[in-house]
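# A closer look at the structure
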Amino acid sequence: MFAEVIDIERITPGMIRVQFAGGELDDFEPTEYTDQYINGYFVPADAPYSIPFDLDKVRGLGDDFRPRPRRFTVRKWDNDAKILTIDFVVHGDSGYAGPWAKRANQGDRLQFKGPNGSYSPNPNVDWHFFAGDETAIPGISASLETLNANDRCVVFLVVDSAEFEVPLHSDATVDVKWLHRKNAPDPSTLLLTAIKEFDFLKGTFDVFVHGEAGEVRELRKYLLSEKQVDPETASISPYWRRNHTDEAWREVKKEWLADQENDF
Ligand SMILES: Cc1cc2nc3c(=O)[nH]c(=O)nc-3n(C[C@H](O)[C@H](O)[C@H](O)COP(=O)(O)OP(=O)(O)OC[C@H]3O[C@@H](n4cnc5c(N)ncnc54)[C@H](O)[C@@H]3O)c2cc1C
């Protein structure tokens, strides 16, 4: 499936919101999940094909030209207007997806598969726990927007500084704790330290924790061992890994996830 860029907005210095319409979006079938994501196929510069392409054929074109798959959360799907919104983190000039969003113009196309998803806030718990970095903000935002006035949640988010904070909207009571990497002695431990110091609310809660692999692993270890979080029902996963392209990360991810079980 493919769609065309209709709007580009820099919502913070580190986040670009891209809206898509047209193309084949009439066939878009949203899931029931608030963390639903698409698998976008980002086309390297000078590739000898254009969107729409036959994925099986172009995959065989070699490393210089094959499209690069990258997952992105559906920030919003407007079913009436058939508009898809994705929030891309700007993380420098390396990679494919981030730089693509930085250069995006109206009329540019993106080919993708999906969406798929697995998490929605559990209506049967007393409160909801969310944590992550910029890459988790779209999923957390979409989740918060589905909650009701009598829901309660706590959100830990790490970003570079105050100007990188994204406004969150919800009818629920939301206690947001923004953490800033700027001037922090070790930014990679900010989330864990803050969560360790947090006095967990009473009652049952569900868990949504996503972001950088090393940071998420430490959080998982803490939540499972100290807060008796059930790994079967919690939504905890690494969305990206520092100093690894998505290809390099996917190559070792299975082993990393298996090794994670030795953390206890
Ligand atoms: C289910 C799922 C949903 C996701 N949803 C979103 C989303 O809604 N928005 C979003 O922006 N990302 C999201 N991500 C993360 C995104 O897929 C990765 O960040 C991806 O690696 C970006 O691809 P790239 O081509 O820009 O960079 P790559 O080619 O993968 O990496 C190039 C370099 O940039 C670094 N890098 C990659 N991502 C980041 C980052 N976020 N911050 C700092 N450095 C980075 C890498 O470590 C590497 O050194 C999601 C991931 C998953 C698995």
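Provided above is the structure to which this section pertains.
Residues numbered from 1 in each chain as written. Predicted model: local features only at pLDDT ≥ 70, side-chain atom pairs only at ≥ 80, totals over all residues. Heavy atoms only, no water.

## Points about the site of the ligand
- Residues in close proximity to the ligand total 24 residues, the closest being R70, R71, V89, H91 and Y96.
- Here an oxygen atom of the ligand sits 2.8 Å away from a polar atom, N or O, in the main chain of R71.
- A distance of 2.9 Å separates a nitrogen atom of the ligand from a polar side-chain atom of T73.
- Within the residue set of the shell around the ligand, elements represented by two or more residues are β4 (68-73), β6 (83-89), α2 (97-103) and β12 (235-240).
- Element by element, the count of residues in the shell around the ligand is highest for β4, at four residues. (Near = heavy atom within 4 Å. Polar contact = N/O pair within 3.5 Å; in protein donor to acceptor, adjacent residues only side chain to side chain. Helix = DSSP H or I, 4+ residues; strand = E, 2+ residues; numbered from the N terminus.)

## Side note on the sheet that holds β4
- The strand order β4-β3-β7-β1-β2-β6-β5 describes an open sheet built from seven strands, whose pairing is antiparallel. The sheet is open, and its two edges are formed by β4 and β5 (76-78), each paired on a single side. Here the average twist between neighbouring strands, direction ignored, is 35 degrees.
- Bridging between β5 and β6 involves three bridges; their strand directions are antiparallel. (Pairing = 2+ DSSP bridges. Axes fitted to C-alpha atoms, helices over the stretch in contact; angles between N-to-C directions.)

## Here we look at the side chain of R181
- Summarising the element assignment, R181 is placed in the loop between β10 (173-180) and α4 (190-197).
- If we skip the residues at most four places from it in the chain, R181 touches D133, E134, V158, V159, D160, P187 and L190. (Contact = heavy atoms within 4.5 Å.)

## As for the pairing of β4
- Burial of β4 is extensive: five of the six residues sit out of reach of the surface.
- Sheet topology note: the strand β3 (residues 37-42)/β4 ladder contains six bridges and is antiparallel. Bridged to F42 within β4 is R68. (Buried < 20%, exposed > 50% of the residue type's maximum accessible area, 1.4 Å probe, protein only.)

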